[in-house]
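Residue-level listing of the chains:
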Amino acid sequence: MGYQTPYAPTRTELSNCIQCGLCLPHCPTFRLTGKETDSPRGRLTAMSAVLDGIIEIDDTFEETLSFCLGCRACEPVCPSMVPYGRTLEGARAEIAAQRGGVARRFRAWITVSWLGSRAMMNSITFATALVQRCGLARVAPSRFRTGLGGLRRIRWKTPSLQGKRFEPEGAPVATVGFLVGCIMGPWFGEVHQASISLLVRAGYRVVVPPGQTCCGALAAHDGAADGASRMASHNVKAFGDVDYVVADAAGCSAHLKDYAHWVPPDEMGNWQVKDINELIAEAIEGGRLPRSTRRRGGAALQHPCHLRNAQRITDQPRVILEAAGYDPSDIDPMCCGAAGFYSILRPETSAHLGKNKVKEIRQTESTVVASANPGCEMQLRSHLGEGYQVLHPVELYAQALEEDSETTA
Ligand code: SF4
Ligand code: SF4
């Protein structure tokens, strides 16, 4: 039957793989099982076999791709620059189109209709705050407990930033369109506050366009391709005429950088996408943001897959932490196992990877942990337990500057 949708992996993308196997040692699922079918090369071979009509999209194919974390650790090490993340999204879109299923349709409804609706997110936020306060997280099914246990304290309601505009301190450097996102606004509002205050201080005019929606990353990763495409088009129109579109969640900034795959070329905006780490590190290095002179000790630096592998951003969070007065210790870049729905769909593998990550963090002897992605943050907090502070690098930096200004006042 082959592929049927416009999102399918193409022959050009798949034929780039020269079967060298250099990606295998970097793939967490291959390291867990040692099986070729659980490796990037094996998955690409399976995708090519569907394209050539050798195999059908069946249970085995679906299992092969659903075990993949989508961490993209196979991409930076690939000498042929195979766009593995793109092919995975395309293959999952095909699985969704050809096999359907109640569970997948339910997930598509969550990723598109729930995450894409502010009213729905407000209701979910209220319900989550209630679950936290009643202690119901302890009796939730185990596959949901990890996510719930890793949440920050959720407020009943967070005022929306949409439609707001923040003028820069001094002459404007550029105009930034700020992505509020789906869960970042109501559940990680402190990260947004830190990001916007630092951008303004660094000379950026920040506009938060009204009418923007979730970036669509979770929908795209899970095969809800039509919904992801609609969300991307919607956001491109909402952002209009800005210099940069900025996100402070690594999964969102990585997906925004892939919008050219989801939006027709004549609809794409002229802006560049930046992760917040990029603009803040650049402002520190350019002298537009200060370096703290106070030393604050060690901080374990976790590199989210969608920052390190999808965007190749590794130095900038370190620059930010050093400017905040921390001595960062890099921890092994292997995926922490959060991976969107993965912790719910494959709780054992997810927990195994989460526990490995926590071991590495404990070895650094730092109780401050920096992570620039909400899913990773929740996974780490949940597995670390009490006694650790897990925050976004820009939050740690904004807090440090605040402390410094209080000390000198
Ligand atoms: S995305 Fe991650 S889990 Fe999937 S094949 Fe690549 S390295 Fe392996
Ligand atoms: S490193 Fe790249 S070219 Fe080599 S097997 Fe992996 S995906 Fe294929």
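No experiment lies behind these values; they were computed from the predicted model shown. (Residues numbered from 1 in each chain as written. Chains lettered and ligands numbered in written order. Predicted model: local features only at pLDDT ≥ 70, side-chain atom pairs only at ≥ 80, totals over all residues.)

### Remarks on the overall build of the chain
Secondary structure summary: the chain contains 20 helices and nine strands in total. In terms of overall size, the chain behaves like a compact globule, its C-alpha atoms giving a radius of gyration of 21 Å where 409 residues would be expected to give roughly 22 Å. The principal-axis extents of the C-alpha atoms in the chain amount to approximately 70 × 50 × 45 Å. Every one of the 409 residues in the chain was classed for burial, and the buried ones make up 51%. Restricting the contact set of the chain to residue pairs at least 6 apart, pairs at least 24 apart contribute 78%. (Helix = DSSP H or I, 4+ residues; strand = E, 2+ residues; numbered from the N terminus. Rg over C-alpha atoms; globule rule 2.2 N^0.38 Å. Buried ≥ 20, exposed ≤ 12 C-beta atoms within 10 Å, placed from the backbone. Contact = placed C-beta atoms within 7 Å.)

### Here we look at the pairing of strand S5 (residues 272-275)
Pairing geometry for strand S4 (residues 244-247) and S5, over four bridges, is parallel. Bridge pairing in S5 places alanine 247 opposite aspartate 275. Read as a crossover between parallel neighbours, the route from S4 over helix H13 (residues 250-257) to S5 is right-handed. (Pairing = 2+ DSSP bridges. Right-handed = clockwise from strand over helix to strand, strands pointing away.)

### Points about the environment of alanine 194
Mapping alanine 194 onto the fold places it in helix H10 (residues 189-201). Judged by C-beta crowding, with 24 C-beta atoms within 10 Å, alanine 194 ranks as buried. On a C-alpha basis, the gap between alanine 194 and serine 233 in space is 28 Å, while along the polypeptide they are 39 residues apart. In this structure, alanine 194 is in contact with His392, Val394, Glu395 and Ala398, ignoring residues within four places of it in sequence.

### Overview of the site of ligand 2
Of all residues adjacent to ligand 2, which total 14 residues, the nearest are Cys17, Cys20, Cys23, Arg41 and Cys78. Looking at the shell around ligand 2 residue by residue, the classes come out as ten nonpolar, three polar and one charged. (Near = placed C-beta within 6 Å. Nonpolar A, V, L, I, M, F, W, Y, C, P; charged D, E, K, R; others polar.)

### Considering the packing of helix H18 (residues 347-364) against helix H19 (residues 374-384)
Helix-helix packing: each pair is described by the crossing angle between the helix axes and the interaxial distance. Packing of H18 against H19 leaves a shortest axis separation of 9 Å and a crossing angle of 75 degrees. Between H18 and H19, the interaxial angle falls into the category roughly perpendicular. On H19, the residues that touch Gly354, Lys355, Lys357, Val358 and Ile361 of H18 are Gln379, Leu380, His383 and Leu384. (Axes fitted to C-alpha atoms, helices over the stretch in contact; angles between N-to-C directions. Parallel < 35°, antiparallel > 145°, perpendicular 65-115°, else oblique.)

### Comments concerning the nonpolar core
Grouped together as the largest cluster of nonpolar side chains are 126 residues, with contacts concentrated most on Ile280, Ile320, Leu396 and Tyr397. Those residues in contact with leucine 396 that lie beyond four places of it in its chain are Ala299, Leu321, Ala324, Tyr326, Val368, Ala370 and Leu391. (Core = buried A, V, L, I, M, F, W, Y, C linked by C-beta atoms within 7 Å.)

### Things to note about the site of ligand 1
Around ligand 1 there are 14 residues in total, and Cys27, Pro40, Cys68, Cys71 and Cys74 lie nearest to it. Secondary structure elements with two or more residues in the shell around ligand 1: helix H2 (28-33) and helix H3 (40-51). The residue inventory of the shell around ligand 1, partitioned by class, reads nine nonpolar, three polar and two charged.

### Focus: the sheet that holds strand S6 (residues 297-301)
Across the sheet, four strands lie side by side as S7-S6-S8-S9; this open sheet has parallel pairing. Edge strands, defined here as strands with exactly one partner in the open sheet, are strand S7 (326-330) and strand S9 (389-391). Pairs of neighbouring strands in the sheet enclose a mean axial angle of 30 degrees, with direction left out of account. Of the strand pairs in this sheet, S6 and strand S8 (residues 368-370) are connected by two bridges, and their pairing is parallel. Counterpart to leucine 301 in the pairing with S8 is alanine 370. Along the sheet, helix H16 (residues 315-323) makes contact with S6, S7 and S8, crossing S7 at roughly 150 degrees.

### Here's the deal with the packing of H3 against helix H4 (residues 59-66)
Remark: H3 packs on H4, axes separated minimally by 10 Å, with the N-to-C direction vectors making an angle of 145 degrees. Handedness of the H3/H4 crossing: left-handed. Contacts between H3 and H4 involve Arg43, Ala46 and Val50 from the first element and Phe61, Thr64 and Leu65 from the second. Across the contact of H3 with H4, the residue classes break down as four nonpolar, one polar and one charged. (Left-handed = near helix turned anticlockwise from the far one by under 90°.)

### Concerning the domain arrangement of the chain
By the assigned domains, the chain splits into domain 1 (11-100), domain 2 (103-149), domain 3 (165-281) and domain 4 (291-408). Spacing between the C-alpha centres of domain 1 and domain 2 amounts to 30 Å. (Domains from an automatic or database assignment.)

### Some remarks on helix H7 (residues 118-134)
Over its 17 residues, H7 extends 24 Å from the first C-alpha to the last, a length consistent with the 24 Å expected when each residue adds 1.5 Å. At the C-terminal side of H7, glycine 135 shows a positive phi close to 70 degrees. (Expected span 1.5 Å × (residues − 1).)

### Re the sheet that holds strand S1 (residues 165-166)
The strand order across the open sheet built from five strands is S1-S3-S2-S4-S5, with neighbouring strands paired in mixed fashion. At either end of the open sheet lies a strand with only one pairing partner, and these are S1 and S5. Sheet strands touched by helix H14 (residues 276-285): S4 and S5. Its angle to S5, the strand with the most contacts, is close to 80 degrees.

### Describing unusual backbone geometry
Backbone geometry at arginine 72 places phi at a positive 65 degrees, although glycine is not the residue there. One can find arginine 72 in the loop between H4 and helix H5 (84-99). Here arginine 72 falls in the buried class, since 24 other C-beta atoms lie within 10 Å of it. The backbone phi angle of alanine 339 is positive, close to 50 degrees, even though this residue is not glycine. Structurally, alanine 339 is set in the loop between S7 and helix H17 (342-345).

### Considerations on the environment of glycine 298
Within the element layout of this structure, glycine 298 appears in strand S6. Between the C-alpha atoms of glycine 298 and serine 329, which are 31 residues apart in sequence, the distance is 7.0 Å. Excluding residues within four positions of it along the chain, glycine 298 makes contact with Tyr326, Asp327, Ser329, Thr364, Glu365 and Ser366.

### A look at the environment of valine 77
With respect to the helices and strands, the residue valine 77 is situated in the loop between H4 and H5. Separated by 209 residues in the primary sequence, valine 77 and glycine 286 place their C-alpha atoms 31 Å from one another. Once residues lying within four places of it in the same chain are set aside, the contact partners of valine 77 are Leu22, Cys23 and His26.

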